Every structure is written in structure tokens, then in C-alpha cells.
Amino acid sequence: MNKHLNELIELSKIDKAIDSYTPQLEAANKKVAKIEKKINAAQAELDTLNASIIQNDARVKTFEEQLTMLNEQLTLNAKKSKDITTEKEMKALSLEEDIAKEKMTFANEEIDRLQNINATTTLLLDEASEKVKTLTDEYTAMNKIVSVERAEIEKSKGELFVEREKSSRDLEQKVLAFYEKIRIWAGNTAVVPVKKQACYGCYMKLNDKTYSEVIKADEICNCPHCGRILYIESVTAEA
């Protein structure tokens, strides 16, 4: 077999091994991201509940301020009633008191309603807080596991990069540049075997002349259909 072809086959195997770690890293990261997504959702629920309580507390305060004003108004009206001399003035004052009392009743009912809502919301808030805490603990534990996985993967990749660097130095630069050019678009299928007289990159059948050249392996042969570098894994198997 052509020396350069053999070197390219080995280099392509190293590149394929290096890239095979990418889905492993992605899978490891997804484990953490999945829990992180749950934490974000739980935190958003917690924030919504907190905002609801704050908003209701603000409304309760507004109604309480309104009650204070209405009480002051009733107190003032009681003083005014002592100075009333006509029935018309009495009716007008009485109407003001009735309206004030209706407003006070409504305000008290709203305060009770909002406080009851907040009581229920507080229970939900406790549950949501516990959920966030549980998920955060789960995230911390998973992150430790994934960190170990990442470290092992990076170590293995690092060893392969060292091996690749050595293989690249030993390879003639023109041949390496030729390989890298194909790899830009073909990825890990820049160098592929030929099986049943077909390129295992594009799966197109090779003509007899090209197939014969691939079998001889005296020179680097490219697929006439896709341009990938071709080789025979086992001439015996092909025969």
C-alpha cells in the first residue's frame, strides 16, 4: 500500500476517534442542562408566587389606607352632625356616611380575600422553595459526576491530539493539506473504504478502472463521484 495512503488512513481513524467524544460531551452537558432547565422553571414559579404576594400586600395596604381615610371621614361627619340645622343637610350627610360605610365594607372584604389568597400562596411558595432547593442539590450532585466525565473525556482527547500531532508531522505537508481540504466538507468521511466496488462515502459504484487502481493502492485514489480518498480494507474480502 502507498505509504501516504496508509498514513492518511491512520490519521483519519485518529480524527474519527477525537470527534467521537463530541456526542459524549454533549450527552454529559445535557444531563446538567436538563436539571438546570427544571431549576429555571421552578425558580420562575417561585418568582411569580413572590410577585403575587407582594402585589396583594400592596393592595391590602392601599385598602387599609382607604379605611383610615373613611374612618376619619366618619369621625368628621359625626362632628358636623352636631351643627346641622336642616333636614336637607342631614340627608346629605347621611348619604355620605352610607357611601363611606359601603366602601369600608368592600375594603374589609377585599382585605380578607387578598389575605386568604396570600395564605394559600404562601403554602405554594414553601412548596416551590423546597422544589428549587431539591433541584439545586440534584444539580450540584450531577454537576460533580459530569465534571468527572468531562475530565476523563478531555484527557482521552488530549492523548489523541498528541498522537494526531505526531502523525501530522510525519505526513508530507502537501498530502496533509490535501486531506484537510477534503475533510472541511467530508468531515470524518474524508478517507473511506471501498466495499462491493462502491465508495462508502457516497455509496456510488466505481468503474472497473478506478476500482483496479484502488486495489493496487500504488497511489492515493479519489472517488470520481464525491472526491473522497479511497482504500480497500481487505482485498481478500473484496475478492
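For the structure, see preceding data.
Rules used throughout
- Residues numbered from 1 in each chain as written.
- Predicted model: local features only at pLDDT ≥ 70, side-chain atom pairs only at ≥ 80, totals over all residues.
- Heavy atoms only, no water.
- Axes fitted to C-alpha atoms, helices over the stretch in contact; angles between N-to-C directions.
- Helix = DSSP H or I, 4+ residues; strand = E, 2+ residues; numbered from the N terminus.
- Parallel < 35°, antiparallel > 145°, perpendicular 65-115°, else oblique.
- Left-handed = near helix turned anticlockwise from the far one by under 90°.
- Contact = heavy atoms within 4.5 Å.
- Phe/Tyr/Trp six-rings, centres within 6.5 Å; stacked < 30°, edge-to-face > 60°.
- Buried < 20%, exposed > 50% of the residue type's maximum accessible area, 1.4 Å probe, protein only.
- Pairing = 2+ DSSP bridges.
- Salt bridge = Lys/Arg side-chain N within 4 Å of Asp/Glu carboxyl O.

Novice: Requested: an account of the packing of helix 1 (residues 3–19) against helix 3 (residues 87–170), with residues and values cited.
Specialist: Two elements in contact, helix 1 and helix 3, have axes whose closest approach is 10 Å; the angle formed by their N-to-C orientations is 160°. With respect to each other, helix 1 and helix 3 are oriented roughly antiparallel. Viewed along their axes, helix 1 and helix 3 form a crossing whose handedness is left-handed. Between helix 1 and helix 3, the contacting residues are Glu7, Leu11, Ile14, Asp15, Ala17 and Ile18 on the first element and Lys157, Leu160, Phe161, Glu163, Arg164, Ser167, Ser168 and Asp170 on the second.

Novice: Before we move on, could you go through the environment of Val146 and cite the residues and values that matter?
Specialist: In this fold, Val146 is placed in helix 3. The spatial distance from the C-alpha of Val146 to the C-alpha of Ala198 is 41 Å, given a sequence separation of 52 residues. In this view, Val146 contacts Ala28, Lys31 and Val32; residues no more than four positions away in its chain are not counted.

Novice: Which residues make up the packing of aromatic side chains, and what are the values?
Specialist: Taken as a whole and assessed by the stated rule, the structure comprises two aromatic pairs. Aromatic pair Phe63 and Phe106: ring centres 6.0 Å apart, planes at 75°, arrangement edge-to-face. Of this pair, Phe63 sits in helix 2 (residues 21–81) while Phe106 sits in helix 3, placing them 43 residues apart in sequence. Classification of Phe63 by relative accessible area gives buried; the value is 13%. With relative accessibility at 46%, the residue Phe106 sits in the partly exposed group. When the centroid spacing of 5.3 Å and the interplanar angle of 55° are considered together, the rings of Tyr200 and Tyr203 count as tilted.

Novice: Break down the pairing of strand 1 (residues 191–195) for me, citing the residues and quoting the values.
Specialist: Along strand 1, four of the five residues are buried, which leaves the element largely enclosed by surrounding structure. Here three bridges tie strand 1 to strand 4 (residues 229–231), and the two strands are oriented parallel to one another. Bridge pairing links Val192 to Leu230 in strand 4. As paired elements, strand 1 and strand 2 (residues 198–199) share two bridges and run antiparallel to each other. Considered in strand 2, the bridge of Lys195 is made with Ala198.

Novice: Let's hear about the pattern of salt bridges: which residues, and what values?
Specialist: Any two side chains of opposite charge can pair if their charged atoms end up close together. This structure, assessed with the given rule, holds 14 salt bridges. With its nearest N and O atoms 3.6 Å apart, the salt bridge here joins Glu87 to Lys91. Note that Glu87 and Lys91 are positioned in helix 3 at a spacing of four residues, about one turn of the helix. Among the ionic pairs, Arg113 bridges to Glu110, the shortest N-O distance being 3.0 Å. With a gap of three residues between them, Arg113 and Glu110 both fall in helix 3, about one helical turn apart.

Novice: Outline unusual backbone geometry, supporting the account with residue identities and numerical values.
Specialist: In this model, Gln197 sits at a positive phi of 60°, which is unusual for a non-glycine residue. Among the secondary structure elements, Gln197 is positioned in the loop between strand 1 and strand 2. The phi torsion at Tyr203 lies on the positive side, around 65°, for a residue other than glycine. Structurally, the position occupied by Tyr203 is in the loop between strand 2 and helix 5 (208–216).

Novice: An account of the sheet that holds strand 3 (residues 221–222) is needed here, citing residue identities and associated values.
Specialist: With mixed pairing, the four strands of this open sheet are ordered in space as 2-1-4-3. Each having just a single partner strand, strand 2 and strand 3 make up the two edges of the open sheet. On the sheet, helix 1 packs against strand 1 and strand 4 and is oriented at approximately 105° with respect to strand 4. On top of the sheet, helix 4 (residues 173–186) reaches strand 1, strand 3 and strand 4; it is set at about 105° to strand 4, its chief contact.

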